[in-house]
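Structure at a glance
So you can see what is in the structure, the chains are spelled out below.
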Amino acid sequence: MRKQEVRTGREAGQGHGTGSPAEQVKALMDLLSGKGSQSSQVPQALDRTPDSSLGPCSSDSMIQRHRKALLSKVGGGSELAGPWHRLASLLLVEGLTDLQLREHDFTQVEATRGSGRPARTVALDRLFLPLSRVSVPPRVSITIGVAGMGKTTLVRHFVRLWAHGQVGKDFSLVLPLTFRDLNTHEKLCADRLICSVFPHIGEPSLAVAVPARALLILDGLDECRTPLDFSNTVACMDPKKEIPVDHLITNIIRGNLFPEVSIWITSRPSASGQIPGGLVDRMTEIRGFNEEEIKVCLEQMFPEDQALLGWVLSQVQADRALYLMCTVPAFCRLMGVALGHLWRSRTGPQDAELWPPRTLCELYSWYFRMALSGEGQEKGKASPRIEQVAHGGRKMVGTLGRLAFHGLLKKKYVFYEQDMKAFGVDLALLQGALCSCFLQREETLASSVAYCFSHLSLQEFVAAAYYYGASRRAIFDLFTESGVSWPRLGFLTHFRSAAQRAMQAEDGRLDVFLRFLSGLLSPRVNALLAGSLLAQGEHQAYRTQVAELLQGCLRPDAAVCARDINVLHCLHELQHTELVRSVKEAMESGALARLTGPPHRAALAYLLQASDACAQEANLSLSLSQGVLQSLLPQLLYCRKLRLDTNQFQDPVMELLGSVLSGKDCRIQKISLAENQISNKGAKALARSLLVNRSLTSLDLRGNSIGPQGAKALADALKINRTLTSLSLQGNTVRDDGARSMAEALASNRTLSVLHLQKNSIGPMGAQRMADALKQNRSLKELVLSSNSIGDGGSKALAEALKVNQGLESLDLQSNSISDAGVAALMGALCTNQTLLSLSLRENSISPEGGQAIAHALCTNSTLKNLEYVVGACDSTGCSCHDHTHTEPGLTGTLAASQA
């Protein structure tokens, strides 16, 4: 829609009467569909004369009316309070990863330790603008975020800011819709879609209201009742034709309808994969809370009670698994509510053993107890008796549990009144305070009511509680409601069925459900819910059998996947921790190599995610075989620092690690492969991964045998790679040819700052090449060439480079057969160099004359902070050496004697 086309329509309409509402809607539809230049289809506006009795309806007045209507719907405040300012900028991401497409939201947060991928950010006010001078505004944009991350809050904030004229100034019209609204229609045409957004426009001509650019917002793709099928949807370009809602959405996204309207979709990551990547112009991701924002969120919940706030913060930080989940805002608030109730309800020593919560199921049990206690209900109401509380809890689980359980199976997270009736939910019960702690009620545009659980995890908890209770009396498989058997199947049979279903679900949608189901068997949860939801001691005899059943789900001789790690989460919820504890002790004692069975590998993968120690650095040195490493590859993606030293790894393992480092999900920042058996083939495999990797900053390959060819492969990768800052090739026999290749890389690389090439048989020629590179390179800060054979020729070349290089800060030339001539050249360079801070010349052939040159340089150079050298003197009795370290007092506050 061009402004010139709109102007033509207005001019054509002057001097004529107002069209009918049907004509007005048709005009808007034609213009939204890109037909605005056809003036014959534009309804005629009122003559804009001062004497007009009815008066004109200007574009500005219509838009102002629309802005007011939006503000009445989303609220008039224009600012987000507290930690919500993070929504002012989003992460620009290139696409979805396998983790996001296939795994449960909790798994995504746990695997990535709550932090997003390294990515550029884009401010909210530039979200729909070109990112560069040569790009164009995006037509289809997607914003992803796990459940509870704040997608709907972001949309409402954007709409509010647009209505106030603060963002989206290029949009004359913003049309917000939710899939909760769209779900109320079986079929819909584009005409009715627009009318549902514009009930407040009225009869005046819409031709004057045609925007220069419009934005259609579709919030909550994961709540769409029918999955989008772009492969089999028939194209539709007729805005008056009624088609199924999912077909309507696919045609809008494809551009068959509203081709000139910008589309903004929000979704959970797994659901957004329905839209082909070729149709998406821009993808962004909502960031979770950081440590400070978690604290601010909890401070807002408990502004008056500092003692309570301090205790809640300490409990949140005490358990790493729960703390990571608090990066999700909705979960952070839910945990704060549960912990606040726990603090206020501590009445005696009998409760002291049950707090603080150490598992997800314990946390939600406290939340359930809060709901049963009536906390937050109207004051003055009589407290219900224990019998009433227990009856209310069981009735609620029976009422909502079946709805929650079958909703999970069908990927249904929003429920309407017809859904409630279909599942036998008593609508009167939904008005109770107990249900209000679990359900949110929302009016849709179609005047119907939509219900959803306050958070996806609450739906999973209620579903697990329902399944737990129903398994006592069901005589058929609860997943299929078929296969009637008498006598009853028994709890273990039902639990086995749930575990098998969860392991088979590739998208992980039953993972947390199975965690809760396992947690309901733990003694602490049983004590928390005894008398209300559970019977005292119920099913406790099955704990050991359930633990064995879960461990039996771990597949032998296969890669550890997210389903396997979820089994370890289930054992944790069950408070059956013997397996994990044995692997943790083996890691700490260096005896991990003897634990190679499937349960041990799964426990090790679990620790890589959940252990505080592994979060800092995963040290798997001296412990892994190729087979064990291969089974752990999917989990190594999410380690930050990984040590794999002295594992006798050979080239085939490097092919495997290269595939890990090449993955989109890869978050490895530092990896050490020292003292293995890597040759040039393994180095080439790692080099190929460096061409695409965007996370690795440090690579340690010391003590291998990559040789000149391996060094060349890595050097070629460094010409393209822009993330690696530290590379150690110590003891790899790269020789002069390898040094030459590295020098060629340094001539163009602007990222590498640390390079270790000691013990590599590098001679004067290799040093000369490195010196030539240093004359061009400004990013390298530390170069280690010790224990080579560069001699005076190499040191003189490096000295010439130091005269022009203004970036190098540390140079190590120990044990390089450098004599007084080479030392003199280096000292001469120090007279002009103003950046070198540290120089080591130990174990070289420096005589007292060389010492004099050093002393002279120290008098003229003001920047060198550390100089290490040895001066030797020969006499008839033998050779005596004097070891000197000169350190500037400005650096350490001490000054050692130096050779004068």
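What you see is a predicted model; the values in this text were computed from it and never measured.

A look at the overall build of the chain
When helices and strands are counted, the chain shows 38 helices and 23 strands. For the chain, buried positions account for 55% of its 900 residues. Contacts in the chain between residues far apart in sequence, at least 24 positions, make up 77% of those at least 6 positions apart. Accessible surface, the chain: about 37,000 Å² in total, of which carbon and sulfur atoms supply 50%.

Section: the sheet that holds strand β12 (residues 449–453)
Read from one edge of the open sheet, three strands run β10-β12-β11, paired in antiparallel fashion. The open sheet has two free edges, formed respectively by β10 (415–416) and β11 (439–443), since each of these has just one partner strand. Looking at chain direction, β11 and β12 are connected through five bridges and run antiparallel. When the sheet's bridge partners are listed, Glu443 is paired in β12 with Val449.

Observations regarding the pattern of salt bridges
Evaluation of the coordinates by the stated rule reveals 26 salt bridges. For Asp105, the salt bridge goes to Arg268, with nearest N and O atoms at 3.1 Å. Of this pair, Asp105 sits in helix α5 (residues 105–111) while Arg268 is found in the loop between β8 (262–267) and α10 (269–272), placing the two residues 163 residues apart along the sequence. Accessibility classification places Asp105 together with Arg268 in one group, the buried group. We note a salt bridge from Arg441 to Glu443, for which the minimum N-O separation is 3.2 Å. What emerges from the salt-bridge pattern is a single network uniting Glu103, Asp511 and Arg563.

Quick notes on the packing of aromatic side chains
A full pass over the atoms with the stated rule returns 23 aromatic pairs. Judged by centre distance (5.6 Å) and plane angle (75°), the rings of Phe128 and Phe158 are edge-to-face. A residue pair is termed long-range when its members are at least 10 positions apart, and Phe128 in the loop between β2 (120–123) and β3 (140–144) and Phe158 in helix α6 (residues 151–163) qualify at 30 residues. For the residue pair Phe128 and Phe158, the accessibility class agrees, reading buried in each case.

Side note on the side chain of Asn833
Looking at where Asn833 falls in the secondary structure, it is placed in the loop between α36 (820–830) and β21 (838–841). A polar side-chain atom of Asn833 sits 2.9 Å from the main-chain amide nitrogen of Thr835. Residue contacts for Asn833: discarding those within four places in its chain leaves Leu802, Asn805, Asn861 and Thr863.

What to know about the packing of helix α29 (residues 626–636) against helix α30 (residues 651–661)
α30 packs onto α29 with a crossing angle of 5° between their chain directions and a minimal axis gap of 10 Å. As summarised for this structure, α29 and α30 are arranged roughly parallel, according to the angle between their axes. Residues Gln626, Leu629, Gln630, Leu633 and Leu636 of α29 touch α30, and the partners they reach there are Pro652, Val653, Leu656, Leu657 and Val660. For the contact of α29 with α30, the per-class residue count stands at eight nonpolar, two polar and no charged.

A look at the confidence of the model for the chain
Summing up the model confidence of the chain, the mean pLDDT is 83 and the portion of residues at 70 or higher is 84%. Residue range residues 202–211 is modelled with pLDDT below 50. Its contacts to residues more than four positions away, or to other chains, number 35 contacts. Ignoring residues within four places in sequence, the model shows residues 376–384, a span with pLDDT below 50, making two contacts including any to other chains.

Looking at the environment of Gln459
Checked against the element boundaries, Gln459 lands in helix α20 (residues 456–470). You can call Gln459 buried: its relative accessible area is 2%. The spatial distance from the C-alpha of Gln459 to the C-alpha of Leu439 is 9.0 Å, given a sequence separation of 20 residues. Once residues within four sequence positions are removed from consideration, Gln459 is found in contact with Ala404, Gly407, Leu408, Lys412, Tyr413, Phe415 and Phe453.

Quick notes on helix α9 (residues 245–254)
For α9, the tally of buried residues reaches eight of ten residues, placing the bulk of the element in the interior. Buried within α9 we find Val245, Asp246, Leu248, Ile249, Thr250, Asn251, Ile252 and Ile253. Directly beyond the C-terminal end of α9, a positive phi value near 95° is found at Gly255.

A look at the packing of helix α11 (residues 291–301) against helix α14 (residues 329–344)
Contact geometry for α11 and α14: axes closest at 10 Å, N-to-C directions at 45°. By the angle class used here, α11 and α14 are oblique. In this structure, α11 meets α14 at a crossing whose hand is right-handed. Every residue of α14 that contacts α11 at Ile294, Cys297, Leu298 and Met301 is listed here: Cys332, Arg333, Gly336 and Val337. Here the contact of α11 with α14 is composed, by residue class, of six nonpolar, one polar and one charged.

Side note on the nonpolar core
Core analysis: the biggest nonpolar cluster contains 274 residues, and Phe331 and Phe513 have the highest contact counts within it. In terms of residue count, α20 provides more of this core than any other element does, eleven residues in total. Sequence-distant contacts of Phe331, that is, excluding residues within four places in its chain, are made with Phe106, Leu322, Met325, Cys326, Leu360, Leu363 and Tyr364.

Some details on unusual backbone geometry
Although it is not a glycine, Thr646 adopts a positive phi angle of roughly 50°. For Thr646, the position within the fold is in the loop between β14 (641–643) and α30. One non-glycine residue, Lys759, adopts positive backbone phi at about 55°. Locating Lys759 in the fold gives a position in the loop between β18 (754–756) and α34 (764–774).

A look at α14
With 16 residues, α14 extends 23 Å from end C-alpha to end C-alpha; this agrees with the ideal 22 Å at 1.5 Å per step. Among all positions of α14, only Pro329, Ala330, Phe331, Cys332, Leu334, Met335, Gly336, Ala338, Leu339, Gly340, His341 and Leu342 are buried. Buried residues in α14 make contact with α5, α11, α12 (306–318), α13 (320–325), α16 (360–373) and α20.

Notes on the pairing of strand β6 (residues 214–219)
Taken across its six residues, β6 has six buried, putting it largely inside the fold. The alternating pattern of β6 places Ala214, Leu216 and Leu218 and Leu215, Ile217 and Asp219 on opposite faces, both of which are buried. Inspection of the sheet shows strand β4 (residues 173–178) paired to β6 by six bridges, in the parallel sense. Paired with Pro176 across the bridge in β6 is Ile217. Summarising the sheet, β6 and β8 pair through five bridges and their orientation is parallel.

Conventions we followed
- Residues numbered from 1 in each chain as written.
- Predicted model: local features only at pLDDT ≥ 70, side-chain atom pairs only at ≥ 80, totals over all residues.
- Heavy atoms only, no water.
- Helix = DSSP H or I, 4+ residues; strand = E, 2+ residues; numbered from the N terminus.
- Buried < 20%, exposed > 50% of the residue type's maximum accessible area, 1.4 Å probe, protein only.
- Contact = heavy atoms within 4.5 Å.
- Areas by Shrake-Rupley, 256 points an atom, 1.4 Å probe, with all protein chains shown as cover.
- Pairing = 2+ DSSP bridges.
- Salt bridge = Lys/Arg side-chain N within 4 Å of Asp/Glu carboxyl O.
- Phe/Tyr/Trp six-rings, centres within 6.5 Å; stacked < 30°, edge-to-face > 60°.
- Polar contact = N/O pair within 3.5 Å; in protein donor to acceptor, adjacent residues only side chain to side chain.
- Axes fitted to C-alpha atoms, helices over the stretch in contact; angles between N-to-C directions.
- Parallel < 35°, antiparallel > 145°, perpendicular 65-115°, else oblique.
- Nonpolar A, V, L, I, M, F, W, Y, C, P; charged D, E, K, R; others polar.
- pLDDT = per-residue confidence, 0-100.
- Left-handed = near helix turned anticlockwise from the far one by under 90°.
- Core = buried A, V, L, I, M, F, W, Y, C linked by side-chain atoms within 4.5 Å.
- Expected span 1.5 Å × (residues − 1).

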